[in-house]
Amino acid sequence: MKVITGKVRMNYTNLFTPKAVDLEEGKYSLSILIPKADIDTVEKVKEEIEKAKIKGREIWGDITPSTLKLPLRDGDIERADSKDYEDHYFINASSKYKPGIVDRSLNEITNEKEIYPGCYGRVSISFYPFSKNGQVGIGCGINNVQKICDGEVIGINSRPEDDFTILEDSKDLIIWFYP
């Protein structure tokens, strides 16, 4: 149940150090933005999700629950306030194990600054059924990541040089003192 995506954009790139959420064990994680125009990747993902649903019936009791959480989400609907998610599907993927991270030439990337929100790459992901804490669904695990190229950083609203002017001396500042 593995998919190797086409060119995707990466966000929330937590790939070098596991991060714990809600007192759970730390995990590596990544949000994968898939262009809706990449029909090949979208179809592969949908096929693997369907296979995981069938496998999930073994743990859900021969049914597919109506409350099933699915990993492929529509950025135009769920992230309508973000232009970065416009015309994209997205998948939040994670792993207990550190994924392999390589560049275009398959050289290992060890510098965390090389993989950042907004860079482009390909991702090897796997889908699996789960039933945990009263929730059931299809999860997505990260296997490996290949960075293809740089991109505009996601999440930066402005640069310091856009917000501030050069101050020649301290008399340009008004200093407020509070008792």
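It should be noted that the structure appears before, not after, this text.
Cut-offs and rules
Residues numbered from 1 in each chain as written. Predicted model: local features only at pLDDT ≥ 70, side-chain atom pairs only at ≥ 80, totals over all residues. Heavy atoms only, no water. Pairing = 2+ DSSP bridges. Helix = DSSP H or I, 4+ residues; strand = E, 2+ residues; numbered from the N terminus. Buried < 20%, exposed > 50% of the residue type's maximum accessible area, 1.4 Å probe, protein only. Salt bridge = Lys/Arg side-chain N within 4 Å of Asp/Glu carboxyl O. Polar contact = N/O pair within 3.5 Å; in protein donor to acceptor, adjacent residues only side chain to side chain. Contact = heavy atoms within 4.5 Å.

Asker: Which parts of the structure should I look at to understand the pairing of strand E3 (residues 27-35)?
Answerer: For a regular strand, the rule is simple: side chains alternate between the two faces of the sheet. With 5 bridges joining them, strand E2 (residues 8-19) and E3 adopt antiparallel strand pairing. By the bridge assignment for E3, Asn14 is matched with Ser29. Alignment of E3 against strand E5 (residues 88-95), held across 8 bridges, turns out to be antiparallel. Paired with Pro35 across the two strands is His88, which belongs to E5.

Asker: Can you walk me through unusual backbone geometry in this structure?
Answerer: Keep in mind that most residues, glycine aside, have a negative phi and that most peptide bonds are trans. For Tyr12, which is not glycine, the phi dihedral falls at a positive 50°. Among the structural elements, Tyr12 can be located in strand E2. Assessed through its relative accessible area of 54%, Tyr12 is described here as exposed. Not every positive phi belongs to a glycine, and Leu106 is a case in point at roughly 70°. Residue placement: Leu106 occurs in the loop between strand E6 (100-102) and strand E7 (120-132).

Asker: What's the story with the pattern of salt bridges in this structure? I'm lost.
Answerer: Note on pairing: side chains with opposite charge can pair once their charged atoms come close. If you walk through the whole model with that rule in mind, you get 10 salt bridges. For Glu50, the salt bridge goes to Lys53, with nearest N and O atoms at 3.1 Å. Here Glu50 and its partner Lys53 are both found in helix H1 (residues 39-60), 3 residues apart, which amounts to about one turn of the helix. Overall, the relative accessible area of 43% leaves Glu50 in the partly exposed class.

Asker: Could you clarify how one ought to interpret the side chain of Thr5 in this entry?
Answerer: Counting through the fold element by element, Thr5 comes out in the loop between strand E1 (2-4) and E2. Judged by its relative accessible area of 3%, Thr5 falls in the buried class. A polar contact is formed between the side chain of Thr5 and the backbone nitrogen of Val123, at a distance of 3.0 Å. Beyond its immediate chain neighbours, meaning those up to four positions away, Thr5 contacts Thr41, Arg122, Val123 and Ile125.

Asker: How should the pairing of E7 be read in this particular structure?
Answerer: The pairing of E1 with E7 spans 3 bridges and is antiparallel. Across the sheet, residue Ile4 finds its bridge partner in E7, namely Ser124. The pairing of E2 with E7 spans 2 bridges and is antiparallel. When the sheet's bridge partners are listed, Arg9 is paired in E7 with Tyr120. Note that E7 and strand E8 (residues 135-149) share 13 bridges and pair antiparallel. Counted as the bridge partner of Ser131 is Val136 from E8. Where E7 folds back onto E8 in an antiparallel hairpin, the turn is made up of 2 residues, including Asn133, whose phi is positive at roughly 50°.

Everything listed is a geometric property; what it means functionally is a separate question.
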